[in-house]
2 protein chains.
Amino acid sequence: QLKSISDFNKNLQQAGFADESAFISARLPQSEREALQKMSQQLEADLATLKARDTENQSALQAINAQQVSTRPAEEHQQQLLDITQSLKETRQQIGAMQQRIVDIARVSGMRVWGPNCTGLVNTRETIFTPFMRLPNVDLEAISGNVAILAQSGMLAAGFMLQVIFSGFFKVSKSCAIGNKADIGESEVLEYLAADDATQVVLAYLESIPDGRRFLEAARSVLATKPLIVLKGGRSEAAAQAAVSHTASLAGADNVIDGALRQLGVFRAADFMQMMQLGKAFSLNPGRFEPATSGGNRVALITVSGGAGVVALDLMQDAGLKPATLSAPAIERLQGIFPSWMPPGNPIDIWPAIEKVGVEKAFSESIITALEDEDVDGVLLLPFSSRANAVFPAELIGEASQRLRKPVVSWVFGDIRFLDEYRQNLESQRVPVYDDLRTCIEAMSAYLTYARGAAR
Amino acid sequence: QLKSISDFNKNLQQAGFADESAFISARLPQSEREALQKMSQQLEADLATLKARDTENQSALQAINAQQVSTRPAEEHQQQLLDITQSLKETRQQIGAMQQRIVDIARVSGMRVWGPNCTGLVNTRETIFTPFMRLPNVDLEAISGNVAILAQSGMLAAGFMLQVIFSGFFKVSKSCAIGNKADIGESEVLEYLAADDATQVVLAYLESIPDGRRFLEAARSVLATKPLIVLKGGRSEAAAQAAVSHTASLAGADNVIDGALRQLGVFRAADFMQMMQLGKAFSLNPGRFEPATSGGNRVALITVSGGAGVVALDLMQDAGLKPATLSAPAIERLQGIFPSWMPPGNPIDIWPAIEKVGVEKAFSESIITALEDEDVDGVLLLPFSSRANAVFPAELIGEASQRLRKPVVSWVFGDIRFLDEYRQNLESQRVPVYDDLRTCIEAMSAYLTYARGAAR
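Attention here is on the structure that accompanies the text. Predicted, not measured: the structure shown is a model, and the values here were computed from it.

### Description of the overall build of chain A
For chain A, the count of helices and strands is 17 helices and 17 strands. Per-residue burial over chain A gives 65% buried out of 456 residues. Put simply, of all contacts in chain A between residues at least 6 apart along the chain, 75% involve residues at least 24 apart. Here chain A displays about 16500 Å² of accessible surface, and carbon together with sulfur accounts for 48% of that area.

Here's what the structure looks like:
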């Protein structure tokens, strides 16, 4: 059987919570410890009643027995933790009432409640790891980075964390699984993350947004200084129903919030992997790019394959991007690297230029020309993976992207023996690389959506 | 500089074409060889004219100098090859006229023309590799498999080939880059692949379909015995324009063909990686699944994460799939592995069942129950990656999927140290595994779209 509870206990002990029975922090003042002890006793009485009423309910009881109350020294935005494991079914009224009683007791003693029905909190800088799964043998500080994850789902947030640790897409500042949100909800966590110096990018998976107004204000405060990607489950009717049974939450007016989020500059992710992939893009470039116009969706494509250019244009339309019409000076400058019989356009299909002036010059000239064009807001690179990595002007591309404050995103296809090297070269220059074209173009859209939000 | 032409020559020599100057096969009868020699001389005269007219045109000339005419012993559907490299720009009228003259000459001598503006043909069984890029040091027979790729783009088809060789998504029977289709077009190649014993799955990237009626007939003949995935570039206006300049082709009535393809059971891919991922699914299961109804889009979800279930339902709606309403007997059977306080539904969120009966039994019982339910057409597995691979009932799942002729597709998330093992376990049982949920659900949709096409 699963060892989730003992793993939970070990994780909390490692984070400095000393009291094994109730995880009351040794760092707390005496009066607060006493309040917590009292609360714990009250809960135990409730549990006894529950147990007597339903002896079959082994799984729920096992979970409830593991109730932990923990707290840390008061600080602004420092949440104290209360975590009831995920087996608690909120559909059962007595547990729902108990959940509310916990919140009431905690409020009296000035505490805040986290959860229930989630894996809690990960803070890589202060090496706090509360999920009920074993932390792999990894130094939390080694994975400490600039991306915060907020998830209204315990298993996912924990899964994310493990996937992130080993995938290397990006490094993490905080991972917050907020579960049923008996007390602390998504808006409050966003308000915290907006002010958190360790966090430069916020990824949020949500199932319900009970207070749309507060949520949009919180999103706005995040977006004032850092990008926000939202994956909102419950778009479809079936999913909205499932969300109710999962976290006891109504999905809310999805389409209203959707429109408002886009206005603010939030890109909505389609699934978890895409959210991680977009997280990578923003982790490399947490700041805002500066589109030349407030529209900011005109993209130049540099490709070695006409077919890739064609499909990219279709996907750009899906993602709300427009092919840039290159300015006359840009076209003239490009003509210098193209054979005379080949009039360059957008997509810039540079194979003939490569045959004329070589890989390095063809890419350098075309990319710089496109980035310097005032009619271009961003550049998509679609090269073929080959031995040419050594002469690929990665550093120049990264430097120009930063200097001109315009995003460059690359898809690369072909010989996978050279993909990793290409990726490393470009990503060390803060240019994200994808092996699927759809995500590549969605990343460009996410960059420009964030930039457009700022323009308003 | 690139060595594309010498690579092309080497590749053809390895395939058994002896005459270096014009790649006229030593296996041809004398009369055909003479016809080809004559044609070659005519072309050289044209080239001389062209050269005199445009001495700057170095790149095009280099390409034209490399014109190769090759042919193999006549057989039904055995195409002879003519490949003019991709530098030929069909916008130039004199080259367009020359292209037509090549076709005319070839027709007189009973030959067919392949291309131009493409990388030609790969046949893994007969070890023919014509692309103008170096074949990696790999035994073609070792990558010989059941998936054929048809692509109206030279670089992509070659890139695909290299990506496929090393990615191991699936193995390949034929890779056909048809370029500008001066003579042999997509419909004829599809007709060939429909009858090709080595091919069980067809993936097609197309930019233009000049004869919609013939194309749909060819697609129908493929679908009579094997699945077909189509990625059609040029949905958007910008892409349609780019397609014209890339392969001189009008995109055709995209939406008309789109509707007809779906009716036939063709899933349209969004991009190249997705096409490969769907190719993997069909490579594992080239036959047809049998949905219980002609609607065939009712899916059961088995998940360890409520959040994953919610997002999966949203993505299912995007992909035209419906959550199955489990039958009363199925619900009753599931209740046997769930705690009494937990009424099972769809999504089947099996965490409580795992806590009650363990990983192996929870997954076995829930999957078999779902697959045997007459109200279910397919099952999505959404587990968390963990050490539990050893007890995961992969063999049982694969056996049940084949016995009941219903597709099972899995997404897996979490600890990536265990992902590969999980993937191998399931895929050896012909259950495809994806690390992004969107593609996972699209693969299920592709299976059921193919099955529904058959039902009509």
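Having seen the model, we can carry on.
### Here we look at the sheet that holds strand β6 (residues 172-177) of chain B
Residue and element names in this part refer to chain B. Here seven strands make up an open sheet; going across it, the order is β4-β3-β6-β5-β7-β8-β9 and the pairing mixed. With one partner strand each, in any of the chains shown, β4 (128-129) and β9 (267-268) form the two edges of the open sheet. Both strand β8 (residues 228-232) and β9 contribute to a ladder of two bridges, which runs parallel. Bridging across to β9, V230 finds its partner in R268. Sitting on the sheet, helix α10 (residues 272-284) is in contact with β5 (144-151), β7 (201-206), β8 and β9, with an inclination near 165 degrees to β7.

### Focus: α10(B)
All names here are of chain B. Helix length check: α10 (13 residues) gives 19 Å between terminal C-alpha atoms against 18 Å at 1.5 Å per residue, within 8%. Most of α10 is tucked away, with 13 of its 13 residues classed as buried. Here α10 starts with a cap whose side-chain oxygen sits 3.4 Å from the backbone nitrogen of M273, and that cap is D271.

### Thoughts on the packing of aromatic side chains
Applying the stated criterion to the full structure yields 18 aromatic pairs over all chains. We note A:K280 situated over the ring of A:Y434; from NZ or CZ to the ring centre the distance is 4.4 Å.

### Notes on unusual backbone geometry
Residues and elements named next belong to chain A. P347 follows N346 through a cis peptide bond whose omega is 5 degrees. Mapped onto the elements, P347 comes out in the loop between α12 (328-335) and β12 (348-349). Positive phi is not limited to glycine here, since R430 has a value of about 70 degrees. Here R430 is to be found in the loop between α16 (419-427) and β17 (433-434).

### Comments concerning the environment of A:S187
Residue and element names in this part refer to chain A. Inspection of the secondary structure assignment puts S187 in helix α6 (residues 186-195). Separated by 29 residues in the primary sequence, S187 and L216 have C-alpha atoms spaced 8.2 Å apart. If we skip the residues at most four places from it in the chain, S187 touches D211, R214, F215 and A218.

### Things to note about the environment of B:W351
With respect to the helices, strands and loops of the structure, B:W351 is situated in helix α13 (residues 351-357). The class of B:W351 is buried, set by a relative accessible area of 13%.

### Thoughts on α16(A)
Within α16(A), the full set of buried residues consists of A:L419, A:Y422, A:L426 and A:E427. Down the axis of α16(A), the buried side of the element spans an arc of 115 degrees, and every buried residue falls inside it.

### A look at the sheet that holds strand β4 (residues 128-129) of chain A
All names here are of chain A. The strand order across the open sheet formed by seven strands is β4-β3-β6-β5-β7-β8-β9, and the pairing between neighbours is mixed. Since the sheet does not close on itself, it has two edges, and those belong to β4 and β9 (267-268), each with one partner. Strand direction decides the pairing type here: strand β5 (residues 144-151) and strand β7 (residues 201-206), joined by five bridges, are parallel. Looking at β7, one finds that V147 is bridged to V201. Contacting β5, β7, β8 (228-232) and β9, helix α10 (residues 272-284) crosses the sheet at an angle of about 165 degrees to β7.

What counts, and at which threshold
Residues numbered from 1 in each chain as written. Chains lettered and ligands numbered in written order. Predicted model: local features only at pLDDT ≥ 70, side-chain atom pairs only at ≥ 80, totals over all residues. Heavy atoms only, no water. Helix = DSSP H or I, 4+ residues; strand = E, 2+ residues; numbered from the N terminus. Buried < 20%, exposed > 50% of the residue type's maximum accessible area, 1.4 Å probe, protein only. Contact = heavy atoms within 4.5 Å. Areas by Shrake-Rupley, 256 points an atom, 1.4 Å probe, with all protein chains shown as cover. Pairing = 2+ DSSP bridges. Axes fitted to C-alpha atoms, helices over the stretch in contact; angles between N-to-C directions. Expected span 1.5 Å × (residues − 1). Polar contact = N/O pair within 3.5 Å; in protein donor to acceptor, adjacent residues only side chain to side chain. Phe/Tyr/Trp six-rings, centres within 6.5 Å; stacked < 30°, edge-to-face > 60°. Lys NZ or Arg CZ within 6 Å of the ring centre and 35° of its normal. Arc of directions from axis to C-beta.

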